[in-house]
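# Structural features, examined
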Amino acid sequence: MTVDGYLSGPGASTAATALALAKVRDAATVVLCEGISDQIALETAAAGRGRDLGAERIVVVPIGGAHAIGGFLPRLGSVVRLAALCDLREAELFRRALHGTGHLGLYICVEDLEDELLRAAGTAAMEALAESQGDLGALRSLRRQPAWRDRDPEAQVRRFLASGSRRKLRYARLLVEAAVRENTLPRPLDALLTAV
């Protein structure tokens, strides 16, 4: 299955990585990220700024989780330029793996990418997106559940994004598109795109 042109489902991570790695040989720059939602966010942000990463020979590689970073570097061959995006709790893994590679930079999301995107968009914009996608009822239902009823709206929305099978992937694109429109692209995405 696909979500707006990206793979989803049980084998999606492995297949997305293989597709990206097939492009690495011709790349001028490789951007490593933890997963498909990060890849979607980066590619959507670039397109929103009028950039064609393919034409620029920039390949975004979802590595299937932060712990895979060490095994990926040898697979990249002689990539001229390298950058990476990760979550705060995984930053040390990336720092150790990238040490001595001469990379362009490690761009770290304060909590994680979803946190960055939700802060950039705001709760009201997220609710509007949920309504536009026919998901507002599901979000409201989650908010009424005893375990979530008294939690802050940001925590509720984060849980909502994680609860649907393809929701995190779909909303990665939608939240980045909203951030580009409002000129509120999260700092790690903005800085990474500026560097590459």
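Residues numbered from 1 in each chain as written. Predicted model: local features only at pLDDT ≥ 70, side-chain atom pairs only at ≥ 80, totals over all residues. Heavy atoms only, no water.

### A short note on the environment of Lys168
Structurally, Lys168 can be placed in helix H9 (residues 167-182). Using a relative accessible area of 38% as the deciding quantity, one classes Lys168 as partly exposed. Taking the C-alpha atoms as reference points, Lys168 and Ile36, 132 residues apart in sequence, are found 9.4 Å from one another. Those residues in contact with Lys168 that sit more than four places away from it in its chain are Ser37, Glu114 and Leu161. (Helix = DSSP H or I, 4+ residues; strand = E, 2+ residues; numbered from the N terminus. Buried < 20%, exposed > 50% of the residue type's maximum accessible area, 1.4 Å probe, protein only. Contact = heavy atoms within 4.5 Å.)

### Regarding the packing of helix H5 (residues 113-121) against H9
The packing of two helices is summarised by the inter-axis angle and the distance between the axes. Contact pair H5 / H9: the axes reach a minimum separation of 9 Å and the direction vectors enclose 40 degrees. As judged from the angle between their axes, H5 and H9 are oblique. Two packed elements cross with a definite hand, and for H5 against H9 that hand is left-handed. On the side of H5, the interface is formed by Glu114, Leu117, Leu118, Ala120 and Ala121, while H9 contributes Lys168, Ala172, Leu175, Val176 and Ala179. A per-class count over the contact of H5 with H9 returns 8 nonpolar, no polar and 2 charged. (Axes fitted to C-alpha atoms, helices over the stretch in contact; angles between N-to-C directions. Parallel < 35°, antiparallel > 145°, perpendicular 65-115°, else oblique. Left-handed = near helix turned anticlockwise from the far one by under 90°. Nonpolar A, V, L, I, M, F, W, Y, C, P; charged D, E, K, R; others polar.)

### Focus: the packing of helix H2 (residues 36-48) against H9
Where H2 meets H9, the axes come as close as 8 Å, and the angle between the chain directions of the two elements is 30 degrees. One way to sum up the angle between H2 and H9 is to call them roughly parallel. Taken as a pair, H2 and H9 cross one another with a handedness that is right-handed. In this structure, H2 contributes Ile36, Ser37, Ile40, Ala41, Thr44, Ala45 and Gly48 to the contact, and H9 contributes Lys168, Leu169, Ala172, Arg173, Val176, Glu177 and Val180. Residue composition of the contact of H2 with H9, by class: 8 nonpolar, 3 polar and 3 charged.

From the geometry alone we can't say anything about function, so treat these as descriptive.
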